[in-house]
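# Coordinate inspection notes
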Amino acid sequence: MTLDLGLDPLLDAMAGADAVIRDVARRALLNNLTDQNTIAYRQDALRDALAQRDVVREIYALAGETIERERKNYFGFISRSPEIILHRSVEVMAMFAEQLRRLRGLADQHAPAFHSAGFGAFFAMLARDLDDAYFAELRAHLAQLRFKHGTLISAEPGEALKGRHYVLRRPNPGNGWLSRLLGRAPRSESFTLHPRDEAGARALSEINSRGVNLVANAAAQSNDHILSFFRMVQREMAFYVGCLALEEKLATRGQPICFPETAPAEARVLHFSEFYDVSLALATPAPVVGNDGALDGKEVIVITGANQGGKSTFLRGLGLAQMMMQAGMFVGAETFAANLCHGIETHYKREEDASMTSGKFDEELARMSDLIDRLRPGTLVLCNEAFQSTNEREGSAIARELVLAFQAHRIKIIFVTHLYDLAHSLHARGDPAMAFLRAERAADGSRSFRVVPGEPLSTSFGEDLYRRIFAAAAAAAPVA
């Protein structure tokens, strides 16, 4: 499907070299939303992003910077010492606190400019959970975890007088420098190790490790929790940053975009104006031709007409627009409305099996069999010149049975074909749920690359291509 619908040019435009944006955009396009309210929710958030693009990009950059800074602080991973793990966790937590404060600052500064429910909930969560009390408590915890005055650990004597139940304690409030200076510090006993007492040093280090072990693990888990939050922010913003990049590239080519209207999957809605294939627009510096269409109530759409007249491009554009709509994105058109679908399936012609394990027709049938296994009512099927690897009579008979079976099971199908017998027999049924479009061709053989309503013709005007190609070759040939 990625190849059939031209997803790679779209993903390249959205992500460039950013692997995170590419992965998020690909998942969003391939995992179609099927709830109208969810799509509207995402569309509203995207409208906000388009209006406040610098803020959205700044949030995305901040999340990515935070993740990268945490990744570079990898020293704790090469040692299992609780002290080293705790030291690293405290340093990372201090960095997280700085980044969270920056994120909260962005929320305070820009939240009033956002109006969607999605961004509203995001900024409200930041204001609620990252308040001044949170940062004050975080600073206090970090100060304690640095243990500038040593660690206070309690234990109980166990079997053979071995220590057990080691617990890290809060420092005594009267142990500060002022209390000691004034002679108010509580009485304590102490001892001093000989500088060469290596066994004693190891024993004290082991006791300290036991005491700080649980705290080190808790601090590391807290860091993981905050890191997961920043990864979530990064991936949420990645979708909108990718959409911003796509919109800017289409704008430089003078191509319109719109937020599509959605209808339930049970309905049969499809109408549009100045609709175009976004992948083609991205690959072509000049503006591409748009199409208008009113195909509401249609379950079967058959597209025929002149070779190289824009049929396959039109089909690809419809599939891409459906995916973009169900990802909550804008589409390439001035207006666009369609019903949702429970999945998109494609059946395009392929090159012959290079391994010669099967013929081209066998391969087509095998792919169609796999496709049918995945179908359910409400699916959209896009067929491009299917079953043309056999003779017209057999190809038309197979395709006709499939089209009628799909229609009977409420599966919407758009079929580009040169099989006149197929298209003519379906047209002759006079079914109002079927629509027939044709690639437009002028009397002089030129193509407008528009697809318009029209009954199937018995020719695809291959002679036009023959004359154009061979006449040009003859004109270029040297005179003997």
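Notes on the structure in this doc start here. Note that the coordinates shown come from a computational prediction; the quantities given were computed from them, not determined experimentally.

Criteria and thresholds
Residues numbered from 1 in each chain as written. Predicted model: local features only at pLDDT ≥ 70, side-chain atom pairs only at ≥ 80, totals over all residues. Heavy atoms only, no water. Salt bridge = Lys/Arg side-chain N within 4 Å of Asp/Glu carboxyl O. Helix = DSSP H or I, 4+ residues; strand = E, 2+ residues; numbered from the N terminus. Buried < 20%, exposed > 50% of the residue type's maximum accessible area, 1.4 Å probe, protein only. Phe/Tyr/Trp six-rings, centres within 6.5 Å; stacked < 30°, edge-to-face > 60°. Lys NZ or Arg CZ within 6 Å of the ring centre and 35° of its normal. Pairing = 2+ DSSP bridges. Axes fitted to C-alpha atoms, helices over the stretch in contact; angles between N-to-C directions. Parallel < 35°, antiparallel > 145°, perpendicular 65-115°, else oblique. Contact = heavy atoms within 4.5 Å. Nonpolar A, V, L, I, M, F, W, Y, C, P; charged D, E, K, R; others polar.

### As for the pattern of salt bridges
The tally for this structure, following the rule as stated, stands at 20 salt bridges. Glu65 is the salt-bridge partner of Arg69, the closest N and O atoms lying 3.6 Å from each other. Placement of the pair is Arg69 and Glu65 together in helix α4 (residues 53–72), with a separation of four residues, close to one helical turn. The residue Arg104 makes a salt bridge to Asp108 at a minimum N-O spacing of 2.7 Å. Placement of both Arg104 and Asp108 in helix α5 (residues 82–110) is noted, with a separation of four residues, approximately one turn of the helix. Given the relative accessible area of 18%, Arg104 is considered buried. When salt bridges with common partners are traced through the structure, they connect Arg53, Arg57, Glu247 and Glu248 into a single cluster.

### A few points about the packing of aromatic side chains
Scanning the model with the defined rule gives 15 aromatic pairs in all. When the centroid spacing of 6.4 Å and the interplanar angle of 85 degrees are considered together, the rings of Phe259 and Phe330 count as edge-to-face. Of the two residues, Phe259 is situated in the loop between α9 (198–252) and β3 (261–263) and Phe330 in the loop between α11 (311–326) and β7 (335–339); the sequence distance between them amounts to 71 residues. For the pair Phe272 and Phe275, a centre-to-centre distance of 5.2 Å together with 50 degrees between the ring planes defines the contact as tilted. For Phe272, a relative accessible area of 5% gives the class buried. One aromatic cluster is present, built from ring pairs that chain together Phe114, Phe119, Phe122, Phe123, Phe239 and Tyr240. One cation-aromatic arrangement involves Arg42 over Phe239; the distance from NZ or CZ to the ring centre is 5.0 Å.

### Focus: the sheet that holds β3
The mixed open sheet is built from four strands, whose spatial order is β3-β7-β4-β5. Only two strands of the sheet have a single neighbouring strand rather than two, namely β3 and β5 (291–294). When strand polarity is set aside, the average angle formed by the axes of neighbouring strands in this sheet is 20 degrees. Sheet topology places β3 next to β7; three bridges connect them, and they run parallel. Each residue of the ladder has a partner; that of Ala263, found in β7, is Asn339.

### Topic: the packing of helix α12 (residues 360–374) against helix α13 (residues 392–408)
Running from N to C, α12 and α13 cross one another at 5 degrees; their axes reach a closest spacing of 13 Å. In terms of orientation, α12 and α13 fall into the roughly parallel class. For the pair formed by α12 and α13, the contact residues are Phe361, Leu365, Met368 and Ile372 on the first element and Ile398, Leu402 and Phe406 on the second. The residue inventory of the contact of α12 with α13, partitioned by class, reads seven nonpolar, no polar and no charged.

### Some details on the sheet that holds strand β6 (residues 300–305)
Taken in spatial order, the six strands line up as β8-β9-β10-β6-β11-β12 in an open sheet, and their pairing is mixed. Strand pairing shows two members of the sheet lacking a second neighbour, β8 (344–348) and β12 (447–453), which therefore form its edges. Sheet twist, expressed as the average angle between the axes of neighbouring strands with direction ignored, equals 15 degrees. Pairing of strand β11 (residues 434–441) with β12 involves four bridges; the strand directions are antiparallel. Bridge pairing links Arg438 to Val452 in β12. Seen against the sheet, α11 touches β6, β8, β9 (380–384), β10 (412–416), β11 and β12 and runs at an angle of roughly 160 degrees to β9.

### A few points about the environment of His141
With respect to the helices and strands, the residue His141 is situated in helix α7 (residues 132–145). When the C-alpha atoms of His141 and Val90 are compared, they prove to be 9.3 Å apart, with 51 residues separating the residues in sequence.

In short, geometric facts, not functional conclusions.
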